Amino acid sequence: MADGRESRVFSTKSLYELSVSAVADKFSSYKAYLTYLPENVLFDIYYQLYREKRLCLLGMELSDLETFSKILKVTNRRIHLLQTFQALMDHGTKVGKELAINYDLCCFSVRENPAEQDKMINLGLRLGSFLSDAGWYVESEQVLSTCRSLCIAYNQTPQNWCRTLDCCHKLLHAQAAYCAFRGAAKTHELAVKMIEQLKNVGYYDSNHAALFAEFSVLFFIRSEYDQAYRWSIEALQYLNPSLPARVIIDVLRQAAKSCVVKREFQKAGLLIREAVYLAREVFDTDHPKYSDVLIDYGFYLLNYDSIINSVSVYKTALDIRKAIFGKTNLHVALAHEDLAYALYVYEYSSGKFDEASDHAGLAIDIIEKLLPANHLMLASAKRVKALILEEIAIDNASTPLSEQSLLLKSECLHLSALQLAKTAFGEKNVQTAKHYGNLGRLYQSMRKFQEAEAMHLKAISIKEELLGPEDYEVGLSIGHLASLYNFHMNRYRDAEKLYYRSIAISLKLFGKSYSGLEYDYRGLLHVYSKLDDFEKILEYTDTLTHWKELRDKHAQSEDPPIDLQKRPQPISAILNLFFSM
């Protein structure tokens, strides 16, 4: 400067931000005084440690239950807390396990002090819910199981029973998500008992929408779709505008999923779109709740034959989850798996499965890092990877050694997935049937035609018994058996009958532009060419041409999956429309 003085260094940081940085920089010196600070200021100091990558120090601090309970109260910074927590878990600090153990110890120490018990129950509900949101279900279940024991011991009034129900709701969510079905069944039983007790004393001040939605989730994951649908309808009937937005969103999206598996697509579309718009307005587009809704929206779109839109939605959901949870988290693994399957379906006709294979591999890698080797969550991811490997093998048929190697890898994955499903669900379950059907398709590719037929017949038998003769899943398996009879076993009349049945199911559920009809129409053309039935060849050549025209119109008429201008409607209007359908 002209007067010889040095220029001042200006910072764009506020005085508050500089103060937070200064305290974080000299953390050890100021640690003793942090207990006097408001929770939001304390949160900012710890978040600054996270930003500075001082994870060992931060891990020791946040493993302290009292400290963590304070920052849990800062609810408007939940995304930052999820990011911080995940970074600590990735760093190997085991902060989740430490918090769960410390919570157990504290609950044991207050067992004779009702006032302190009350505080510990409230903390357990908050902590267990956070751990579940963070994707660490084992730790969440441990905390909430301890919390449930306190609730039961402190269970004299209807208000106490309502709190026990709240604990059951949160615990059931963690157990169902982790496929801990035995524990979930006990939690479900306790919740039903509490509801009966409330009803018997004439207490109707509690709302069961969230709990009933969680009942639906449990039955859905167990593939008991009738029960899942029934409880989702019960949950919808309890909805009202005074409930928290999170509850309304969760009820809507679970009811939508239940409608999808019952093939009530109009109802499903109404509910899931409303959930998307409500989540976007309340939580914005970088929030985990928005990614949860998008995952379920992708499920609806994929099943409704809007495949390219489902891929787009799944990709957005995965990006949100990766931004919050990093790379090694169950939420991220499940998003990879969903996207992998959608890409597999989308690229089925092109044979370009590299991207789908990468996502399936990432899903398996993450799950194997985080869960035991025999965990049920691996079954679905392995199934998707096996399907993709099979298609890659078929495309590499010109190199027999490579084809055989890929098919054997696929068989190993399918057999592992089948065993996991049978252990969890038993023989008579839709998931088990799906694995039998997948093995049938694989054995067809491996030219083991008798084994393929046996697998397809098993799949059809189980699905028909559980879902009825006209369900989509039954139609899918019938079409696969028709293909086996048609292209490999020369049983053309048997194939013909099966194709007609598969077509009838598809037309009833999806209409004349459904993508899956192509395979049945082409199958019939092959049948009639082998039977020299020229009249039928002409008929189904015309039918296939007409289908292609309808398919092109369908593709051109598809709207973008999310209307950026759309705002949520009053929940009462949505419910009135739903129940009038």
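What counts and how
- Residues numbered from 1 in each chain as written.
- Predicted model: local features only at pLDDT ≥ 70, side-chain atom pairs only at ≥ 80, totals over all residues.
- Heavy atoms only, no water.
- Salt bridge = Lys/Arg side-chain N within 4 Å of Asp/Glu carboxyl O.
- Helix = DSSP H or I, 4+ residues; strand = E, 2+ residues; numbered from the N terminus.
- Buried < 20%, exposed > 50% of the residue type's maximum accessible area, 1.4 Å probe, protein only.
- Expected span 1.5 Å × (residues − 1).
- Phe/Tyr/Trp six-rings, centres within 6.5 Å; stacked < 30°, edge-to-face > 60°.
- Lys NZ or Arg CZ within 6 Å of the ring centre and 35° of its normal.
- Core = buried A, V, L, I, M, F, W, Y, C linked by side-chain atoms within 4.5 Å.
- Contact = heavy atoms within 4.5 Å.

(A) Quick look at the pattern of salt bridges. Under the defined criterion, the tally for this structure stands at 35 salt bridges. The network of salt bridges with common partners includes D250, R253, K257, K289, D292, D296 and R321.

(B) Fine view of unusual backbone geometry. Despite not being glycine, C179 shows a phi value in the positive range, around 60°. One can find C179 in the loop between α10 (158–177) and α11 (181–200). Phi angles above zero are rare outside glycine, and S223 is one such case at about 65°. Its place among the elements puts S223 in the loop between α12 (209–221) and α13 (225–238). Residue classification places S223 among the buried residues on the basis of a relative accessible area of 7%.

(C) Quick look at helix α6 (residues 78–90). Taking 1.5 Å per residue as the helical rise, α6 with its 13 residues ought to reach 18 Å, and the 18 Å between its terminal C-alpha atoms agrees with that figure. The element α6 is extensively covered by neighbouring structure, given that 11 of its 13 residues are classed as buried. Three or more residues of α6 are buried, namely R78, I79, L81, L82, Q83, T84, F85, Q86, A87, L88 and M89. One or two positions beyond α6, positive phi appears at G92, with a value near 85°.

(D) Spotlight on the packing of aromatic side chains. Under the counting rule described, the total for this entry stands at 27 aromatic pairs. Relative to Y50, the ring of Y47 lies with its centre 5.3 Å away and its plane at 35°, an arrangement referred to as tilted. Of the two residues, Y47 and Y50 are both situated in helix α3 (residues 39–51); the distance of 3 residues between them amounts to about one turn of the helix. Y47 gets classed as buried once you look at its relative accessible area, which sits at 14%. Within the aromatic cluster, the residues linked to one another by ring pairs are F265, Y297, Y300, Y304, Y472, F510 and Y514. The ring of W231 carries R230 above its face, with NZ or CZ at 4.5 Å from the centroid. A cation over a ring is seen here: K257 above F299, with NZ or CZ 5.8 Å from the ring centre.

(E) The arrangement of the nonpolar core in detail. Counting 203 residues, the largest nonpolar core has F68, F85, Y103, L236 and L239 as its most contacted members. Considering every element that reaches this core, the biggest residue donor is helix α15 (residues 265–283), with 11 residues. When near neighbours in sequence (up to four residues on either side) are disregarded, L236 contacts V251, L252, A255, L271, L575, F578 and F579.

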